[in-house]
Amino acid sequence: MGRLEGKIAVVTGGGSGLALEAARAFARDGATVGLLDRNGEAVAATAAEIGAAAFPLVCDVSDEASVEAAFDETRRRHGRLDVLYTCAAVQLIGEDAPVHLVDLDVWERTHQINLRGVFLTCKHGVRLMMESGDGGSIVNCGSPTGLTMSGAGWSAYGSSKAGVMGLTRIMAADYAPHGIRVNGIVPGSIVTGLTQKLYDDPEIRAQLTAQHPIGRVGAPRDMAGIAVFLASDESAFATGAHFFVDGGISVR
Ligand SMILES: NC(=O)c1ccc[n+]([C@@H]2O[C@H](COP(=O)([O-])OP(=O)(O)OC[C@H]3O[C@@H](n4cnc5c(N)ncnc54)[C@H](O)[C@@H]3O)[C@@H](O)[C@H]2O)c1
């Protein structure tokens, strides 16, 4: 029997990267997974690949009406929510910068998706979780640039992630009495659509690799196991914590 047998999950950013790989892993472990992403084509392709265990939720996480509609659709289809994994985010490479150089537009686009998006998906997701009264598990994706290592040059992105990591702890305290656990994952540098521009530059690729004591950067599959663990009842005593799966970047 899978570790997530019978659970209904929603993963945001499910069309790509960490969330896509987590969605595959959740489905393999028995969950039914809502693939929430603004990229409809990517959602359709992933839903087709995963099959009956997946359902599409085309949604912009920065738009409350769109988020509410996605969780209404989850309620209509399955009547409950057990797991929410929030990954949808942007990192505006080439536009994010030290504070004195960041355009307000770059700041706002980043925060609207990365922080407001997590707030809105948690707001409507946790409401659906509370309706069943069976508790649940929320997992928010942070970043080393947020709180645990220098995010120099990433003013908008790093501060949005610091906000997410703070919100994770606050929500853990607020929802523990409801049996809803809230934890964070802090990945190292992972090769995905988000970071591809960085990896296209051989010099930056070498620098990023050197930052990881384990000797390589990560792949989305490196992050799937921790997501399944935190989604499952195996992590029943964990809440308000951040789990580092980062190739050792935080101990350098
Ligand atoms: N890749 C890394 O090195 C790395 C490192 C640390 C943290 N993270 C975090 O991991 C998470 C996943 O990142 P990834 O690398 O898999 O990124 P990715 O770019 O591969 O996937 C992000 C997904 O989010 C979706 N998305 C973006 N804006 C959206 C919106 N407004 N509404 C709905 N969906 C939207 C995109 O369409 C995309 O499918 C993010 O929260 C990111 O900050 C990534």
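This text goes with the structure placed above it.
Residues numbered from 1 in each chain as written. Predicted model: local features only at pLDDT ≥ 70, side-chain atom pairs only at ≥ 80, totals over all residues. Heavy atoms only, no water.

Enquirer: In this structure, what is going on with the pairing of strand β5 (residues 136-141)? I would like to understand it.
Expert: Most of β5 is tucked away, with six of its six residues classed as buried. What you see with β5 is no split at all: G136, I138 and N140 on one side and S137, V139 and C141 on the other are buried throughout. Relative to β5, strand β4 (residues 83-86) runs parallel, the two being bridged by four bridges. Residue pairing across strands places V83 opposite S137, the latter belonging to β5. Between β4 and its parallel partner β5, the chain crosses via helix α4 (residues 104-132), and the hand of that crossover is right-handed. Relative to strand β6 (residues 180-187), β5 runs parallel, the two being bridged by six bridges. Within the sheet, the bridge partner assigned to I138 lies in β6 and is V182. (Buried < 20%, exposed > 50% of the residue type's maximum accessible area, 1.4 Å probe, protein only. Helix = DSSP H or I, 4+ residues; strand = E, 2+ residues; numbered from the N terminus. Pairing = 2+ DSSP bridges. Right-handed = clockwise from strand over helix to strand, strands pointing away.)

Enquirer: For this particular structure, what's the right way to read the pattern of salt bridges?
Expert: Oppositely charged side chains can form a pair if their charged atoms are brought close together. Counted under the stated rule, the structure contains 15 salt bridges. In this structure, the salt-bridge partner of E131 is R75, at a minimum N-O distance of 2.8 Å. With E131 in helix α4 and R75 in helix α3 (residues 64-78), this pair connects stretches of sequence that are 56 residues apart. Accessibility expressed as a relative area gives 28% for R75, which makes it partly exposed. A salt bridge links R216 to D222, with the nearest nitrogen and oxygen atoms 2.9 Å apart. For D222, a relative accessible area of 28% puts it in the partly exposed group. In this structure, a network of salt bridges that share partners links the residues R3, D29 and E234. (Salt bridge = Lys/Arg side-chain N within 4 Å of Asp/Glu carboxyl O.)

Enquirer: Is there a simple way to explain the packing of aromatic side chains in this structure?
Expert: What characterises a pair of aromatic rings is the spacing of the ring centres plus the angle enclosed by the ring planes. As enumerated under the stated definition, the model contains three aromatic pairs in all. On the numbers, 6.3 Å between centres and 40 degrees between planes, the contact of F26 with Y85 is tilted. Residue F26 is found in helix α1 (residues 17-28), and its partner Y85 is found in strand β4; the two are separated by 59 residues along the sequence. Measuring from ring centre to ring centre gives 6.5 Å for W154 and Y157, while their planes differ by 70 degrees; the resulting arrangement is edge-to-face. The pair W154 / Y157 is uniform in exposure class, with both members buried. (Phe/Tyr/Trp six-rings, centres within 6.5 Å; stacked < 30°, edge-to-face > 60°.)

Enquirer: I'm lost on the site of the ligand in this one. Help?
Expert: Residues in contact with the ligand amount to 27 residues; listed here are only the nearest, S16, D37, Y157, K161 and T192. The separation between an oxygen atom of the ligand and a polar main-chain atom of L18 is 2.8 Å. About the coverage of the ligand: the protein hides 93% of its 840 Å² of free accessible area. Counting only elements with at least two residues in the shell around the ligand, the list comes to α1 and α6 (155-175). Its residues assigned to classes, the shell around the ligand comprises twelve nonpolar, eleven polar and four charged. (Near = heavy atom within 4 Å. Polar contact = N/O pair within 3.5 Å; in protein donor to acceptor, adjacent residues only side chain to side chain. Areas by Shrake-Rupley, 256 points an atom, 1.4 Å probe, with all protein chains shown as cover. Nonpolar A, V, L, I, M, F, W, Y, C, P; charged D, E, K, R; others polar.)

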